[in-house]
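Understanding the architecture of this molecule
Listed here are the chains, written in short residue letters.
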Amino acid sequence: MYSKIGKVAMQVGLSIKRIREYEKEGFLRPARCESSNQRLYSEFEINQILQIKKLIHERGMTVEGIRYLLNLAPCWSIFGCDSTSECEAFQKPHLRCWQIKKTLPVGAGCTGQCEICPVFLARSADIRPLFEKTPNIEGGEAEVEETPLRAIG
């Protein structure tokens, strides 16, 4: 069962504009009607919208923070996978789930559709480091300028 964007907006308590922004940010990719090109949302996309709304409004995350999370955290952690013992992504945490899926025989591994998965959709986001690298100090120790201490008060 698919729903149009207006009905979804009412159902999740967000504006149509906000839902389109989530799509533009790469968090979801609804199907499109072939004849009219209207967005069609399945239960999967509706649940994704509700989860994004919860992360932003209840947990205080930003859109950038969600994008960062999707790029850093493994899919089995994000989605609460209950079959980690058979999960290739769990066994090879240094690889992304969608990269692993491409190497497996058809039907093996995750049964999810990468094309609509937020982890896959966020894969090309420009993620910058949170912190700068510490300077490489030759000789082992950094030169520290000594500043004389003075009493306060």
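Structure's up top.
Residues numbered from 1 in each chain as written. Predicted model: local features only at pLDDT ≥ 70, side-chain atom pairs only at ≥ 80, totals over all residues. Heavy atoms only, no water.

**Considerations on the overall build of the protein**
Scanning the protein from terminus to terminus reveals eight helices and three strands. Counting helices and strands in the order they occur from the N terminus, the protein gives β-α-α-β-β-α-α-α-α-α-α. Among the 153 residues that make up the protein, the fraction classed as buried is 29%. Counting only contacts in the protein whose residues sit at least 6 apart along the sequence, the fraction spanning at least 24 positions is 53%. Carbon and sulfur atoms form 53% of the exposed surface of the protein, whose accessible area is close to 11,600 Å². (Helix = DSSP H or I, 4+ residues; strand = E, 2+ residues; numbered from the N terminus. Buried < 20%, exposed > 50% of the residue type's maximum accessible area, 1.4 Å probe, protein only. Contact = heavy atoms within 4.5 Å. Areas by Shrake-Rupley, 256 points an atom, 1.4 Å probe, with all protein chains shown as cover.)

**Quick look at the sheet that holds strand 2 (residues 31-32)**
Taken in spatial order, the three strands make up an open sheet running 1-3-2, and their pairing is antiparallel. Because the sheet does not close on itself, it has two edges, and the strands there are strand 1 (3-4) and strand 2. Summarising the sheet, strand 1 and strand 3 (residues 39-41) pair through two bridges and their orientation is antiparallel. The partner of serine 3 across the bridge, within strand 3, is tyrosine 41. (Pairing = 2+ DSSP bridges.)

**Thoughts on helix 1 (residues 5-12)**
Within helix 1 the residues assigned to the buried category are Ile5, Val8, Ala9 and Val12. Along the axis of helix 1, the buried residues cluster in a sector spanning 100°; they form a single face. (Arc of directions from axis to C-beta.)

**Examining the nonpolar core**
Ile19, Tyr41 and Ile49 are the most contacted members of the largest nonpolar core, which has 27 residues in total. Sorting the residues of this core by element identifies helix 1, helix 2 (16-24), helix 3 (43-57), helix 4 (63-72), helix 7 (97-103) and helix 8 (118-121) as the ones contributing at least two each. (Core = buried A, V, L, I, M, F, W, Y, C linked by side-chain atoms within 4.5 Å.)

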